[in-house]
Amino acid sequence: MTPSPYDDYARALMSSTPRKIQVAPSLLAADWAHLAQEIKKVEEAGADLLHLDIMDGHFVPNITFGFPVIESIRKLTKLPLDAHLMIENADRYVDEFRRAGCDWLSVHIEACPHINRTLNRIRELGMKPGIAINPGTSLALLEAALPDADHVLIMSVNPGFGGQKFIPSAVEKVRKLKSIIGNGKTRIQIDGGIKKDTVGEVAAAGAEIMVVGTGIFGLPDYRAAIHDLREAAK
Ligand code: DX5
Ligand code: ZN
């Protein structure tokens, strides 16, 4: 098909408004023997948030860390702490995550049968509520809860481990969610396999908050890694 003059116009419009993303390094991929330095390094490298992956060995086949560790991390940084709960019975622990120092809290739609109540409790406690959704779960499940969420965390890998391969169908899922949200205020966060080569397409589809583990901590220069992610998202 011959490109129309409107294509050029659309391209010019898009390039005149570069996309701004937020970068949330996922500590899962950090060197835990030197956690304080790792946090300082990503903070100085321009991270916007710190992503904390909480796994219970039931909802996902892996176990990470809990409240005492979060409390220690809280003392090390002023960055907002963005906790991603991959746990069963998330409701039971929401208050405790606030006490430990979390600022954002995402719960999985698959683990929360009373999602509106959970999101409202998270907000009431002064945190930003988010709904996380697995690659195999339909967006139809969370549509009714969207007005109660500040963000939706779209998983672009099956949760449980860092360093997995990006699942390409997540791009279409982001695009679809963006069209459902329309002018609403809910923002899209994406998590899993986000690197220099995948961040562009998810940003173009409408994701604004990028969770990145091995794509930052797996590289020698965190500042360069975050800079490259922002550039690739434009
Ligand atoms: C996976 C976690 C992710 C993970 C991302 O279950 O939710 O936050 O740390 O790691 P990468 O960026 O390496 O895929
Ligand atoms: Zn995560």
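Scroll up a little and you will see the structure.
Residues numbered from 1 in each chain as written. Chains lettered and ligands numbered in written order. Predicted model: local features only at pLDDT ≥ 70, side-chain atom pairs only at ≥ 80, totals over all residues. Heavy atoms only, no water.

J.: Talk me through the pattern of salt bridges; I want residue IDs and the actual numbers.
T.: Overall, the coordinates contain 14 salt bridges when judged by the stated rule. Across the salt bridge formed by Asp 103 and Arg 74, the nearest N and O atoms sit 2.8 Å from each other. Of the two residues, Asp 103 sits in the loop between helix 4 (94-100) and strand 4 (104-108) while Arg 74 sits in helix 3 (residues 67-76), which places them 29 residues apart along the sequence. Take Asp 103: its relative accessible area is 22%, and that puts it in the partly exposed class. Owing to a relative accessible area of 23%, Arg 74 belongs among the partly exposed residues under this scheme. (Salt bridge = Lys/Arg side-chain N within 4 Å of Asp/Glu carboxyl O. Helix = DSSP H or I, 4+ residues; strand = E, 2+ residues; numbered from the N terminus. Buried < 20%, exposed > 50% of the residue type's maximum accessible area, 1.4 Å probe, protein only.)

J.: Residues and numbers for the coordination of the zinc ion (ligand 2), please.
T.: When a metal carries six donors in an octahedron, the ideal angles between them are 90 or 180 degrees, while four donors in a tetrahedron ideally lie at 109.5 degrees. Of the protein atoms, only His 51 (NE2), Asp 53 (OD), His 84 (ND1) and Asp 191 (OD) coordinate the zinc ion (ligand 2), at distances of 2.0 to 2.3 Å. For the zinc ion (ligand 2), the six donor atoms in the first shell make angles of 69 to 167° at the metal, a pattern classed as octahedral. All donors of the zinc ion (ligand 2) belong to a single chain; written as a sequence motif, their spacing is H-x1-D-x30-H-x106-D. Placement of His 51 in strand 2 (residues 50-55) and of His 84 in strand 3 (residues 81-86) is noted, with a sequence separation of 33 residues between them. Taking relative accessible area as the criterion, His 51 reaches 0% and is therefore assigned buried. His 84 sits in the buried class, given a relative accessible area of 0%. (Donors = N, O, S within 2.8 Å, 3.2 Å for Na, K, Ca; no water. Tetrahedral: all angles 85-135°; square planar, octahedral: opposite > 155°, others 65-115°.)

J.: Could you give an account of the packing of aromatic side chains, with specific residues and numbers?
T.: How two aromatic rings sit relative to each other is given by the distance of their centres and the angle of their planes. One pass over the structure, following the stated rule, counts three aromatic pairs. Centre to centre, the rings of Trp 32 and Phe 65 are 5.0 Å apart; their planes meet at 45°, and the pair counts as tilted. Remark: Phe 65 occurs in the loop between strand 2 and helix 3 and Trp 32 occurs in the loop between strand 1 (22-25) and helix 2 (35-44); sequence separation between them is 33 residues. Residue classification places Trp 32 among the partly exposed residues on the basis of a relative accessible area of 35%. Take Phe 65: its relative accessible area is 12%, and that puts it in the buried class. (Phe/Tyr/Trp six-rings, centres within 6.5 Å; stacked < 30°, edge-to-face > 60°.)

J.: Before we move on, can you summarise the pairing of strand 7 (residues 187-191) with the specific residues and values?
T.: Within strand 7, four of the five residues are buried, leaving the element largely enclosed by the surrounding structure. Examined bridge by bridge, strand 6 (residues 151-155) and strand 7 share five bridges and lie parallel to one another. Residue pairing across strands places His 151 opposite Arg 187, the latter belonging to strand 7. Assessed by its sense of winding, the connection that carries the chain from strand 6 through helix 6 (residues 169-181) to strand 7 is right-handed. (Pairing = 2+ DSSP bridges. Right-handed = clockwise from strand over helix to strand, strands pointing away.)

J.: Give me the site of ligand 1: which residues, what numbers.
T.: Taken together, 20 residues surround ligand 1, and among them Ser 26, Gly 160, Asp 191, Gly 213 and Thr 214 come closest. One nitrogen or oxygen atom from the side chain of Ser 26 is found 2.8 Å from an oxygen atom belonging to ligand 1. Measuring from an oxygen atom of ligand 1, one finds a side-chain N or O atom of Asp 53 at 2.8 Å. In isolation ligand 1 exposes 380 Å². Once the protein is present, 100% of that is buried. Element by element, the count of residues in the shell around ligand 1 is highest for strand 2, at three residues. (Near = heavy atom within 4 Å. Polar contact = N/O pair within 3.5 Å; in protein donor to acceptor, adjacent residues only side chain to side chain. Areas by Shrake-Rupley, 256 points an atom, 1.4 Å probe, with all protein chains shown as cover.)

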